[in-house]
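Summary of structural features
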Amino acid sequence: AFARKLTTLVQFGDIIEEYTRQVSDALAPSSLFVFLPDPQTNEYVAYGSRTTDIRFSATSPLTGRLAAEEDFISLEPGRVWSADLIVERPRLGILQALLIIGLRGGAQLNGFVVIGPPRSGATTYNYEALRFVQNLTRQISVAVERAQVVTSLERRYAAFDGLNLTWETLEGLVKHNGPLTDRAGAPVGRYREPGVPQIILDFAATCDLQLWSYAS
């Protein structure tokens, strides 16, 4: 049900609110923050209804580690902090961080989630809870990547006042002159020489636009 719901959401706020609701209902954490990149500042900032003034640089050792690792980072009491996390200890302490999970995209870190300890007073989450939140986080990583591409396209086509890039609108916009590729993915028509714009390829990688077909 969660995966189906995500396919209908293209705005960051809607995606994050649905994720937050699912995690809160299942884990009852004392805090939960979702950090996404701000294209204006090159920093990761908190999105959604649970915000904070704390920001993380795109060059932070923490974000570098999250981009390189598939697993979550656990900060259970008594655990020795690695050097790449010690520099972020003051900020992570304010966030009451117990778990940090990266939103890993195809070529970059799309963001990360910081989850505090359970409201029950426990100092850790059990195995089932950890796997549940990892699975949800992998799903919103895809949705966030899709939303980031949509946002990039909205900025690119800002001259179209009031443009709302739903999947159907985007498909019509991208394919208004017909197919961009053949079924094998090779550019056709006006795109044969210059190639399909990378921003469209990026979006098609996360939300299949069927570039070989005419707009529906």
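Please refer to the structure placed before this passage.
Now for a look at the structure at hand.

Some remarks on the overall build of the chain
Tallying secondary structure elements over the chain gives eight helices and six strands in all. Its helices and strands in sequence order give the chain the pattern α-α-β-β-β-α-β-α-α-β-β-α-α-α, from N to C terminus. Contacts in the chain between residues far apart in sequence, at least 24 positions, make up 59% of those at least 6 positions apart. Carbon together with sulfur atoms contributes 51% to the accessible area of the chain, which is approximately 11,400 Å² in total.

Considering the environment of R138
On the secondary structure map, R138 appears in helix α6 (residues 127-156). Once the C-alpha coordinates of R138 and E70 are considered, the two residues, 68 residues apart in sequence, prove to be 10.0 Å apart.

Remarks on unusual backbone geometry
Even without being glycine, A28 reaches a positive phi, approximately 50°. Residue position: A28 is located in the loop between α2 (12-27) and β1 (32-38). A positive phi is found at Q96, a non-glycine position, where the angle reads about 55°. With respect to the helices and strands, the residue Q96 is situated in the loop between α5 (89-94) and β5 (99-104).

Remarks on the side chain of E88
Take E88: it is sitting in the loop between α4 (83-86) and α5. Of the polar contacts made by the side chain of E88, one reaches the side chain of S60; its length is 2.5 Å. Side-chain polar atoms of E88 contact the side chain of R91, separated by 2.6 Å. Among residues more than four places away in sequence, those in contact with E88 are F56, S60 and L62.

Examining the sheet that holds β1
Taken together, the six strands give an open sheet; going across it, the order is β3-β2-β1-β6-β5-β4, and neighbouring strands pair in antiparallel fashion. Unpaired on one side and paired on the other, β3 (56-57) and β4 (73-74) mark the two borders of the sheet. As judged from the four bridges shared by β1 and strand β6 (residues 109-115), these two strands associate in the antiparallel manner. For L32, the partnering residue across the bridge sits in β6 and is I115. Along the sheet, α2 makes contact with β1, β2 (43-47) and β6, crossing β1 at roughly 155°. Contacts between helix α3 (residues 61-68) and the sheet are confined to β2, β3, β4, β5 and β6, with β5 contributing the most and set at about 60° to the helix.

Each value, and the rule that gives it
- Residues numbered from 1 in each chain as written.
- Predicted model: local features only at pLDDT ≥ 70, side-chain atom pairs only at ≥ 80, totals over all residues.
- Heavy atoms only, no water.
- Helix = DSSP H or I, 4+ residues; strand = E, 2+ residues; numbered from the N terminus.
- Contact = heavy atoms within 4.5 Å.
- Areas by Shrake-Rupley, 256 points an atom, 1.4 Å probe, with all protein chains shown as cover.
- Polar contact = N/O pair within 3.5 Å; in protein donor to acceptor, adjacent residues only side chain to side chain.
- Pairing = 2+ DSSP bridges.
- Axes fitted to C-alpha atoms, helices over the stretch in contact; angles between N-to-C directions.

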